[in-house]
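One-letter residues, chain by chain:
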Amino acid sequence: MTPLLRLYRRLERWPLGRWLFSRAICLKAPYFGSIHPTIVALEPGRCEARIPHRRSMQNHIGSVHAIALCNLAELCAGVMTDASIPEDMRWIPKGMNVQYLKKAMGPQTGIAQPRTSIVSAAAGYELPVLVEVRDGEGDLTFRAEVVMWLSPKRPR
């Protein structure tokens, strides 16, 4: 079990534990704080996070801004990857392809899952991660494929 997943499992049992875990993620990567996320589920191969619909995240037509949705996708993909990779590997986002499918109104929930197996390897490889974002009615508003670069950790 990765250290991140171990921390999540320890905190999720507490009142406000998921909120506290999510704030810790935002301390480590401060830009994620701009979307006020809450990680609501985390397990190897899956991360689910929610963001509220706040005025500070709106575009000129009153829906959740496209870049806020991209930020949610990268958060979900990164947390899922970190909670799933073997101990001898590291990761970094390499690219993202996105589709805006419906006006994103109200709170949004993103779910990230890898498209291929996450394995240890002697050389780096690309890991495509599918992230689907749905509104409160369950309608798909946004889809992204976040490509992660996984590579062996350098010996210390």
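In short, a report on the structure.

What counts, and at which threshold
- Starting afresh in each chain, residues are numbered from 1 along the sequence in its written order.
- At least 70 in pLDDT is required for a residue's local features to be given in this predicted model, at least 80 for side-chain atom pairs to be given and counted, and no such filter applies to totals for whole chains, interfaces and linings, which use all residues.
- The basis for the side-chain values is all heavy atoms of the structure; hydrogens and waters are excluded.
- Between the rings of Phe, Tyr and Trp (Trp by its six-membered ring), a pair exists once the centres lie within 6.5 Å; its type follows the angle of the planes, with under 30 degrees stacked, over 60 edge-to-face, and the other angles tilted.
- In this text, helices come from DSSP runs of H or I with a minimum length of four residues, and strands from runs of E with a minimum of two, each type numbered from the N-terminal end.
- Note on exposure labels: buried denotes an accessible area under 20% of the residue type's maximum, exposed denotes more than 50%, and partly exposed covers the range between, all computed with a 1.4 Å probe on protein chains only.
- Contact between two residues is taken to exist if any of their heavy atoms lie within 4.5 Å; hydrogens are not considered.
- We call two strands paired when DSSP finds no fewer than two bridges between them.
- Salt bridges are defined by distance alone: a side-chain nitrogen of Lys or Arg within 4 Å of a carboxyl oxygen of Asp or Glu.
- Identification of polar contacts relies on pairs of N or O atoms within 3.5 Å, with a donor-acceptor requirement for protein atoms, meaning one able to donate a hydrogen and the other able to accept it, and with residues adjacent in sequence counted only if both atoms are side-chain atoms.

Moving on, we get to the packing of aromatic side chains. Considering all chains together, one arrives at two aromatic pairs under this definition. Taking the centre distance of 5.3 Å and the plane angle of 50° together, the rings of Tyr 100 and Phe 142 count as tilted. Here Phe 142 lies in strand β6 (residues 140-152) and Tyr 100 lies in strand β3 (residues 89-100), a separation of 42 residues in the sequence. When its relative accessible area of 44% is taken as the criterion, Tyr 100 is described as partly exposed.

Another aspect to go through is the environment of Asn 97. Along the polypeptide, Asn 97 turns up in strand β3. Judged by its relative accessible area of 54%, Asn 97 is exposed. Between the alpha carbons of Asn 97 and Leu 130 there is a distance of 9.9 Å; along the sequence they are 33 residues apart. Residues contacting Asn 97, with those up to four places away along its chain left out, are Arg 143, Ala 144 and Glu 145.

Along a regular strand, successive side chains alternate from one face of the sheet to the other. Pairing geometry for strand β1 (residues 38-43) and strand β2 (residues 46-51), over five bridges, is antiparallel. If you follow Leu 42 over to β2, its bridge partner there is Cys 47. Linking β1 back to β2 in an antiparallel pair, the connection comprises two residues, with Gly 45 at a positive phi of about 85°.

Looking now at the pattern of salt bridges. Evaluated as defined, the whole model comprises nine salt bridges. Taken together, the salt bridges that share partners define one network made up of Arg 46, Glu 48 and Arg 50.

You will see that Leu 16, though not glycine, has its phi angle at about 65°, which is positive. In this model, His 36 sits at a positive phi of 50°, which is unusual for a non-glycine residue. Tracing the chain through its elements places His 36 in the loop between α2 (17-28) and β1. Assessed through its relative accessible area of 29%, His 36 is described here as partly exposed.

Moving on, we get to the side chain of Thr 109. Here Thr 109 lies in strand β4 (residues 108-114). A residue is classified by how much of its surface remains accessible, and Thr 109, at 17% relative accessible area, is buried. A polar side-chain atom of Thr 109 sits 3.3 Å from a polar atom in the side chain of Arg 50. Each residue touching Thr 109, except ones within four places of it in the same chain, is listed here: Glu 48, Ala 49, Arg 50, Leu 72, Glu 132, Val 133 and Arg 134.

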